[in-house]
Amino acid sequence: MLNVDNIYAGYGRIPVLSGISFTVTDHQVVGVLGHNGMGKTTLLKTLIGQISLTSGAIRFDEADMSRKSSFLRARAGIGYVPQGRSIFPNLTVLDNLRMGFVPASGYPEEQAIKGILAQFPRLDSIIDRAGGALSGGEQQILALARCLCGRPKLLLLDEPTEGIQPSIVDEILEILIRLHRDHGLAIIVVEQNLEFIRRLSDRVLVIEKGVITGEISPLALEETPELGGYVSTE
Amino acid sequence: MHPFVRSNASLIAVGVIGIALLVGLPLALELFTLLRVTLFVIFAILALSLAFIWGYGGILCFGHSAFFGLGAYAYAVSVINVGDSTLPIVIAMALPALLAAALGYFMFYARISDVYVGVITLTVTLIFYNVVNSTAGPQYRIGDVHLGGFNGIPNVPSLNVPFDPNAVLGPQDMFWVCMVALMLVYFGLRMLLRMRFGRVLIAVRENESRVEFLGYDARLHKLIAFSIGGAIAGLAGCLFTAWGGFISPTAFSVVQSAQIIIWLMVGGVGTLIGPMIGAALISWLTASLGSQQTVDANVVLGTVLLAFVLLVPKGIAPIVTDQLMPWFLSMCRSKPSVASVSRKDKT
């Protein structure tokens, strides 16, 4: 599904990613672990096209995405939920969801939104509320739901549990597990919450100084406490 | 109240007010005042064009008079050459739209935004101003029209009935045409903003990257909005020239551009009704101050702008809709009716 081949990227002249390669197969969930500032968010931003590649190639469903704009990557089936939710605060929940629906997808908008509300019943009761008036957890759920309105094949999640109360973290986790199990959604998740990444991921990549230094199984996260060193402690 | 009426109350109110003004003003006002009001209506159309691209698209165009002036000159040159105003109206809208599309393409696709867009558009209008100003020589002609440099182009024919150059519109007809044009532009923009295009445009204003992550081409949306704004400004320029029968390079001036921004700031950026009110109010104030010798008009206008920026930064329309209207409605609800009071007294 996704083939990342020796990519280099950064901010201006400052390199952040220095030759990252990995693949994500259909229906696979890949977790990415690493200290702050190691390039996890930059990796996701590069995959969605917000940061340009210096060299290397990104192929998605056999199509070369390396030089394509973000919106074309999104239309190809890559969904991205950035860090900090990034909903539209002045639009209502319904309008936020409508924004996630892309007309080119070929199925009716109302049907897509009904389907999403069935999966996210919490949003149904606050459908007319402004996005900015929601709690952090509700905003995160909305950001996830909005992204899923576009029916992505691969979902990029950047720290979805950051600053969210535990009950909603569990809710998000259950939703993602269900989406992965029932719809075969492939996911790349950057996360500091070890339990979250362990329960969701099929495999976990460890990133250090812009390079992938290893791959571990999710079970190893439970068995090897020193891996906790790859995440920030609060 | 019927749900359709409730959800479209403001649209219906504007429509009713518009029709009332369209019918009532020519009956109530003398010709000179009606001519003045026609000018305010034309300026309201110009204000709407910037209100759309700045207030909803988030594109701060400092040189909006470039499109206004281009529309005005395009109309003047083509109507004198053609003799019939039908095609020149189309040209006066198409040329500024094309300029906006070309300018927007280079700005938005090069990821230029915010203050740089302001600087570039300001530079473009200055270039137009200087170029047109220096076309006084006899060699600067387009067909039968001598551009006239700083003297401008006089004796520009007014609008006529479509395809009938002999049926020239009088001042009262011009008022009707301008009012209808204003209402068409207003309702057209409202309709556009209710569509998916409008929703995406507002989202682009809030955050361009977020919109792209969802699969929308933010730059294309900005480009289309900018071109529509250019076309509307061109229409205002065309009506302005047809109204006055004269156009000069001051149409491209920085003062003209600044004035449009002031109308929006006074009326309220992010609304459509506010800029129309701002344009009419400031234009009326400018005209009234210009007819007296006691106070310098620019000092008063500057003071008004400062007062609005400091005291009413959101402008008139948001203050009325967000604060005064809810307060008024709550007062109406809490105030017992005369009938209920008298019933109480009897008991």
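Under the annotation held in an unreviewed UniProt entry, chain B carries the name Branched-chain amino acid ABC transporter permease and is attributed to Bradyrhizobium betae. On record in UniProt, under Subcellular location (unreviewed entry), the comment for chain B is "Cell membrane".

Per an unreviewed UniProt entry, chain A goes by ABC transporter ATP-binding protein and derives from Bradyrhizobium betae. Taken directly from UniProt, the Sequence similarities (unreviewed entry) text for chain A runs: "Belongs to the ABC transporter superfamily."

Points about the interface of chain B and chain A
Counting residues at the interface gives 16 residues for chain B and 23 residues for chain A. The three residues of chain B that bury the most area against chain A are R199, F213 and L214 of chain B, which together make up 38% of that side's buried surface. Counting every contact that joins chain B to chain A gives 2 salt bridges. We note a salt bridge from E109 of chain A to R196 of chain B, for which the minimum N-O separation is 2.1 Å. Inspection of the chain B/chain A interface yields 9 residue pairs in polar contact (both at pLDDT 80 or more). Contributing elements (two or more residues each) for the side of chain B that touches chain A: α8 (196-206) and α9 (208-213) of chain B. Residues of the side of chain B that touches chain A, tallied by class, amount to 6 nonpolar, 3 polar and 7 charged.

Quick look at the sheet that holds strand β2 (residues 14-24) of chain A
Residue and element names in this part refer to chain A. Read across the open sheet, the 4 strands follow the order β2-β1-β4-β5; overall the sheet is antiparallel. Since the sheet does not close on itself, it has two edges, and those belong to β2 and β5 (63-64), each with one partner. Pairing analysis gives 8 bridges linking strand β1 (residues 2-11) to β2, with the strands arranged antiparallel. Pairing of A9 across the sheet is with L17, part of β2.

A few points about the packing of helix α11 (residues 254-267) of chain B against helix α12 (residues 273-290) of chain B
Residues and elements named next belong to chain B. Direction vectors running N to C along α11 and α12 enclose 120 degrees, while the axes themselves pass 7 Å from each other. Along this stretch, α11 crosses α12, giving a crossing that reads as right-handed. Contacts between α11 and α12 involve Q259, W263, L264, V266 and G267 on the former and, on the latter, G274, P275, G278, A279, I282, S283 and T286.

Regarding the packing of aromatic side chains
Residue and element names in this part refer to chain B. Applying the stated rule across the entire model yields 12 aromatic pairs over all chains. Taking the centre distance of 5.5 Å and the plane angle of 90 degrees together, the rings of F67 and F226 count as edge-to-face. Here F226 lies in helix α10 (residues 218-244) and F67 lies in helix α4 (residues 65-82), a separation of 159 residues in the sequence. Look at F67 and you get buried, because its relative accessible area is 1%. Residue class for F226 comes out buried when judged on its relative accessible area of 0%. The interplanar angle of 75 degrees and the centroid separation of 5.3 Å between the aromatic rings of Y186 and F187 together place this pair among those described as edge-to-face.

Things to note about unusual backbone geometry
Non-glycine residue K209 of chain A carries a positive phi angle of around 45 degrees. With respect to the helices, strands and loops of the structure, K209 of chain A is situated in the loop between β9 (203-208) and β10 (211-216). The backbone phi angle of R111 of chain B is positive, close to 60 degrees, even though this residue is not glycine. Along the chain, R111 of chain B falls in the loop between α5 (86-108) and α6 (115-133).

Considerations on helix α3 (residues 31-56) of chain B
All names here are of chain B. Taking 1.5 Å per residue as the helical rise, α3 with its 26 residues ought to reach 38 Å, and the 36 Å between its terminal C-alpha atoms agrees with that figure. Along its length, α3 reaches its greatest deviation from straightness, about 25 degrees, at L50. Burial analysis of α3 places 21 of its 26 residues in the buried class, which makes it a mostly covered element. In the stretch just after α3, G58 is the one whose phi turns positive, near 70 degrees.

Parameters at a glance
Residue numbers here run from 1 along each chain, matching the order of that chain's written sequence. Whichever chain is written first becomes A and whichever ligand is written first becomes 1, with later ones labelled in order. Selection of residues for local features in this predicted model requires a pLDDT of at least 70, selection of side-chain atom pairs for listing and counting requires 80 or more, and totals for whole chains, interfaces and linings are taken over all residues. Hydrogens and water are ignored here; the side-chain numbers use all heavy atoms of the structure. UniProt positions are given in the numbering used here, feature names are shortened, and annotations may be inferred rather than shown by experiment. For this analysis, residues touch if any pair of their heavy atoms sits within 4.5 Å. Here the quantity called buried area is the total loss of accessible area, with a 1.4 Å probe, experienced by two parts when brought into contact, counted for both. One speaks of a salt bridge when a side-chain nitrogen belonging to Lys or Arg is within 4 Å of a carboxyl oxygen belonging to Asp or Glu. The term polar contact refers here to a pair of N or O atoms within 3.5 Å; inside protein, the definition further demands a hydrogen-donor-capable atom paired with an acceptor-capable atom, and it admits residues adjacent in sequence only when both atoms are side-chain atoms. Elements are defined by DSSP. Helices are runs of H or I of four residues or more, strands are runs of E of two residues or more, and each kind is numbered from the N terminus. Each residue gets one label: Ala, Val, Leu, Ile, Met, Phe, Trp, Tyr, Cys and Pro are nonpolar, Asp, Glu, Lys and Arg are charged, and the others, such as Gly, are polar. Two strands qualify as a pair provided that DSSP identifies no fewer than 2 bridges between them. Angular values range over 0 to 180 degrees, each being the angle between N-to-C directions of two axes fitted as lines to C-alpha atoms, with helices fitted over their stretch in contact. The sense of a crossing depends on the near helix, which, turned anticlockwise from the far helix by less than a right angle, makes the crossing left-handed and, turned clockwise, makes it right-handed. Working definition: a ring pair exists when centres of Phe, Tyr or Trp rings (six-membered ring for Trp) sit within 6.5 Å. Plane angles under 30 degrees give stacked, over 60 give edge-to-face, the rest tilted. Buried means the residue's accessible area, taken with a 1.4 Å probe over protein chains only, is under 20% of the maximum for its type, while exposed means over 50%, and partly exposed covers the values in between. How far a helix is expected to stretch is found by multiplying one less than its residue total by 1.5 Å. Throughout, the bend at a residue refers to the angle made by two axes, fitted to the seven residues ending there and to the seven starting there.

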